[in-house]
Amino acid sequence: MALANLKQEATGTRLAAAVVPPGGVWATQARRAALARVAEMGLPGRRDEYWRFTNPETLNAVQAPEAAAFDAGDEAPAFADVARLRVVFVDGVFDAAQSDDLSGEGLEIARLADVAQSDIHWARDLFGVLEAGGQHPVPRPLAALNTATATDGVVIRATSVVERPVELVLQHRDADSDVALHHVIRVEDGASLTLLESGAGAARLNTVAEVDLGHGAQFHHIRVQGRDHDRRAVTGLFARIAEGAVFKSFTLTFNGRLTRNEVVMDITGDDANAHVAGVALGDGRAFHHDDTVFVTHGALAGESRQVFKKVLRNGATGVFQGKILVRPGAQKTDGYQISQSLLLDGDSTFIAKPELEIWADDVKCSHGSTSGAIDEQALYYLRSRGVPLVEAQDLLVLAFVAEALEEIADERLADDLRGRLEGWLNRHRG
Amino acid sequence: MLKIENLHVRLEEGGKEIIKGLDLTVGAGEVHAVMGPNGSGKSTLSYALSGRDGYEVTAGTAMMGDVDLLAIDPEARAAAGLFLAFQYPVEIPGVSNMVFLRTALNAQRKAQGRPGYSSAQFLKLIREKAATLDIDADMLKRAVNVGFSGGEKKRNEILQMAVLEPMMCILDETDSGLDVDAMKLVAHGVNALRAQDRSFLVITHYQRLLDHIKPDVVHIMADGRIIRTGGPELALEVENNGYADILREVA
Ligand SMILES: Nc1ncnc2c1ncn2[C@@H]1O[C@H](COP(=O)(O)OP(=O)(O)OP(=O)(O)O)[C@@H](O)[C@H]1O
Ligand SMILES: [Mg+2]
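One structure accompanies this document, and this report is about it. Just so you know, these numbers come straight off a predicted model, no measurement behind them.

## Section: the site of ligand 1
Residues and elements named next belong to chain B. Looking at ligand 1, there are 15 residues lining it, with Gly39, Lys42, Ser43, Thr44 and His205 nearest. Residue Lys42 places a side-chain N or O atom 2.8 Å away from an oxygen atom belonging to ligand 1. Between Glu173 and ligand 1, the recorded distance is 3.2 Å, taken from a side-chain N or O atom to an oxygen atom. Burial of ligand 1 by the surrounding chains reaches 62%, relative to a free accessible area of 630 Å². A total of 3 residues in the shell around ligand 1 trace back to one element, the largest contributor, which is helix H1 (residues 42-50). Counted by class, the shell around ligand 1 contains 4 nonpolar, 8 polar and 3 charged residues.

Put into structure tokens, the structure is as follows:
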């Protein structure tokens, strides 16, 4: 009773403080509807089935807790070696000077802040729609809150094979910035797009991306969530995947006080692929990282993969909640799920909640979860060949996360992340 | 090259003493064989020398030249020139054989104050060495020992030895699990490395290997000690009569 009241109270105060940005009729309608969803669901509470292992308090609070921006020193920015179209937001505010020209071959790209002013726009059919569709059976109130209040974001339509990736550069400067960004992406039949994302974005960042893939479309998403120690982030990725389409998302997380990455993938057409993967490295008691994934197979011969690796030390916590739902008739489904943690000391914790719900008889689904320490035998073997202890440890950590990195199709991008991982390991000893 | 005196080793877990006052000296350029019944402590000796956790040296010394092996970490022992070919090579999923070997080689060279190998230089070196051991490109690309057959694992150990060029090589039952042809390859690999300043301690149960790698000295180990030392004929005696006679003599 007390908890239920608390939840109601939190929802009430947050909604009272929520500001719906100005916009055209359709945008305003979608935002008001989203606000109504939040009111109905209530903000996350500790009793909610998918919030048992992660405390939503600081995500719910009206006032975002402060987080100092991290100085990465002379570390090269993510994806620096890749020709890309950069769209820069500083604490959620679009920065035209740092951004590239918003145009590209086979690409329509605009800011949500502009698009939302229009009377009519294709994004209307997706904005808040995929998010709303992803609210059942598991409510995701912070994503609905994002739809209602996000001030900006990008709206992208890929009409052919787009060679140059688009990068969302999310810079964080103010210690008390509280930001919601919302992206709407449509990849047309046979088209393809790579979306990169980097940076902490804000002291408290809430992002939602709605991604709609046409027949045979391809979408690759590679994200690095910044290195800011104290930032909090809640992200929602909602994908609708049509026949023969390929959806792939990979996230690399270092540091961060609280991260909740939700991914909702809905396979609606036959022979489609839905792949999501992530590597999280956490050092310290303050680190809490949560991946919550829901894949729905609603068509024939879909293939889904969830590959998550967490390396935890000095009291860090990792959470994985992953569900595969196979609807009646979704025969020949191939669902794979693996979540593993490498605990570098006895203090750190990993909690995994894998779920399968299968309503078709001719399917192949597997899931596995492990939690273990570094392999002492392998460590000794390496040392006996002259590899110093710390280097041997790093090599084994990299080997542990390799399976997740292999999910990245583009080798250049995978190498970029590998280099970052090595750098991070170098700086985090003992 | 290697001088072990009054070595005592016990298992940290349980505290059982396995090596009970062992003396052994291997001169530069020599090949010594160590034979002995199962459980006599041969592998334990090799682990203690290479610095494996869980094996506690309670007394004695082990010098490699003027390096006090027991005073330094396993990686420093390796960099100083010690190499152990494992009886049971370890699998390392996710680390390719190539990366493993290059990391090891360059780490040792760094510790020795020598320049590392570039990718191209290393590739050339490894291709040469691998060819002589009949190790193909696929085995080099695969994760260290993962899915390797017993014989492939042993050949892989010798490849590492050939690449790292240690001064003191300990081979722990490298012959077990090898077919006749592989045995010849391995023996050839070892013989190719024989040099005036490089020594071998070959642990084996069978004369077969010693037909190819001719030892200068043969030691019989039992219950944590060397109980007999002799020439190559000692191995033949074991081959023909087993250990019973020797054990009785000593008792
Ligand atoms: N980690 C361990 N835990 C328990 N017992 C051990 C361990 N290591 C060695 N021993 C014991 O120590 C004794 C010596 O073992 P070791 O492996 O050194 O023998 P070995 O001479 O190499 O035998 P083999 O010829 O069968 O290879 C055996 O009784 C073995 O059971
Ligand atoms: Mg043995």
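Anyway, onward from the coordinates.
## Section: the packing of helix H3 (residues 97-111) of chain B against helix H4 (residues 119-132) of chain B
Residues and elements named next belong to chain B. In contact at an axis separation of 11 Å, H3 and H4 are set at 110 degrees when each is read in the N-to-C sense. Between H3 and H4, the crossing angle belongs to the class labelled roughly perpendicular. Handedness of the crossing formed by H3 with H4: right-handed. Contacts between H3 and H4 pair Met98, Leu101, Arg102 and Leu105 from the former with Ser119, Phe122, Leu123, Leu125 and Ile126 from the latter. Looking at side-chain class alone, the contact of H3 with H4 contains 7 nonpolar, 1 polar and 1 charged residues.

## Some thoughts on the pattern of salt bridges
For the structure on display, the rule yields 44 salt bridges over all chains. Note that Asp415 of chain A is salt-bridged to Arg418 of chain A, the shortest N-O span being 2.6 Å. Taken together, the residues Asp415 of chain A and Arg418 of chain A, both in helix H9 (residues 411-427) and 3 residues apart, mark about one turn of the helix. Among the residues examined, Asp415 of chain A registers a relative accessible area of 43% and is labelled partly exposed. Under the relative-accessibility criterion, Arg418 of chain A is labelled partly exposed at 26%. Taking the shortest distance from any N to any O, the salt bridge between Glu5 of chain B and Lys3 of chain B comes out at 3.9 Å. By relative accessible area, which is 37% here, Glu5 of chain B ends up partly exposed.

## What to know about the interface of chain B and chain A
Counting residues at the interface gives 31 residues for chain B and 18 residues for chain A. For the pair chain B and chain A, the summed buried area comes to about 1900 Å², and 63% of that belongs to carbon and sulfur atoms. Looking at the side of chain B facing chain A, the largest losses of area belong to Arg52, Glu75 and Val90 of chain B, adding up to 27% of the total buried there. Along the contact surface separating chain B from chain A lie 3 salt bridges. As a salt-bridge pair, Glu157 of chain B and Arg385 of chain A come within 2.7 Å of each other at their nearest N and O atoms. Secondary-structure elements contributing two or more residues to the side of chain B that touches chain A are H1, helix H2 (74-79), strand E6 (82-85), strand E7 (92-96), H3 and helix H6 (150-164) of chain B. The element contributing the most residues to the side of chain B that touches chain A is H3 of chain B, with 6 residues. A per-class count over the side of chain B that touches chain A returns 18 nonpolar, 7 polar and 6 charged.

## Notes on the sheet that holds strand E11 (residues 217-222) of chain B
Residues and elements named next belong to chain B. With mixed pairing, the 6 strands of this open sheet are ordered in space as E6-E9-E10-E3-E11-E12. With partners counted over all chains shown, the strands left at the sheet margins are E6 and strand E12 (225-230), one partner each. Adjacent strand axes in the sheet meet at a mean angle of 20 degrees when their direction is disregarded. Here 4 bridges tie strand E3 (residues 31-35) to strand E10 (residues 199-203), and the two strands are oriented parallel to one another. Pairing of His32 across the sheet is with Leu201, part of E10.

## Notes on the packing of aromatic side chains
Taken as a whole and assessed by the stated rule, the structure comprises 11 aromatic pairs over all chains. On the numbers, 6.4 Å between centres and 80 degrees between planes, the contact of Tyr380 of chain A with Tyr47 of chain B is edge-to-face. Placement of Tyr380 of chain A in helix H7 (residues 376-384) and of Tyr47 of chain B in helix H1 is noted, with the two residues assigned to different chains. With a centroid separation of 5.4 Å and 10 degrees between ring planes, the pair formed by Tyr381 of chain A and Phe100 of chain B is classed as stacked. Taken together, the residues span two chains, with Tyr381 of chain A in helix H7 and Phe100 of chain B in helix H3. Across the pair, exposure class does not vary: Tyr381 of chain A and Phe100 of chain B are buried alike. Its guanidinium or amino end placed over the ring of Phe400 of chain A, Lys309 of chain A lies 4.8 Å from that ring's centre, counting from NZ or CZ. When the ring centre of Tyr47 of chain B is taken as origin, the NZ or CZ atom of Arg52 of chain B, which lies over that ring, is 4.5 Å away.

Rules behind the numbers
Residues numbered from 1 in each chain as written. Chains lettered and ligands numbered in written order. Predicted model: local features only at pLDDT ≥ 70, side-chain atom pairs only at ≥ 80, totals over all residues. Heavy atoms only, no water. Near = heavy atom within 4 Å. Polar contact = N/O pair within 3.5 Å; in protein donor to acceptor, adjacent residues only side chain to side chain. Areas by Shrake-Rupley, 256 points an atom, 1.4 Å probe, with all protein chains shown as cover. Helix = DSSP H or I, 4+ residues; strand = E, 2+ residues; numbered from the N terminus. Nonpolar A, V, L, I, M, F, W, Y, C, P; charged D, E, K, R; others polar. Axes fitted to C-alpha atoms, helices over the stretch in contact; angles between N-to-C directions. Parallel < 35°, antiparallel > 145°, perpendicular 65-115°, else oblique. Left-handed = near helix turned anticlockwise from the far one by under 90°. Contact = heavy atoms within 4.5 Å. Salt bridge = Lys/Arg side-chain N within 4 Å of Asp/Glu carboxyl O. Buried < 20%, exposed > 50% of the residue type's maximum accessible area, 1.4 Å probe, protein only. Buried area = accessible area lost by both parts, 1.4 Å probe. Pairing = 2+ DSSP bridges. Phe/Tyr/Trp six-rings, centres within 6.5 Å; stacked < 30°, edge-to-face > 60°. Lys NZ or Arg CZ within 6 Å of the ring centre and 35° of its normal.

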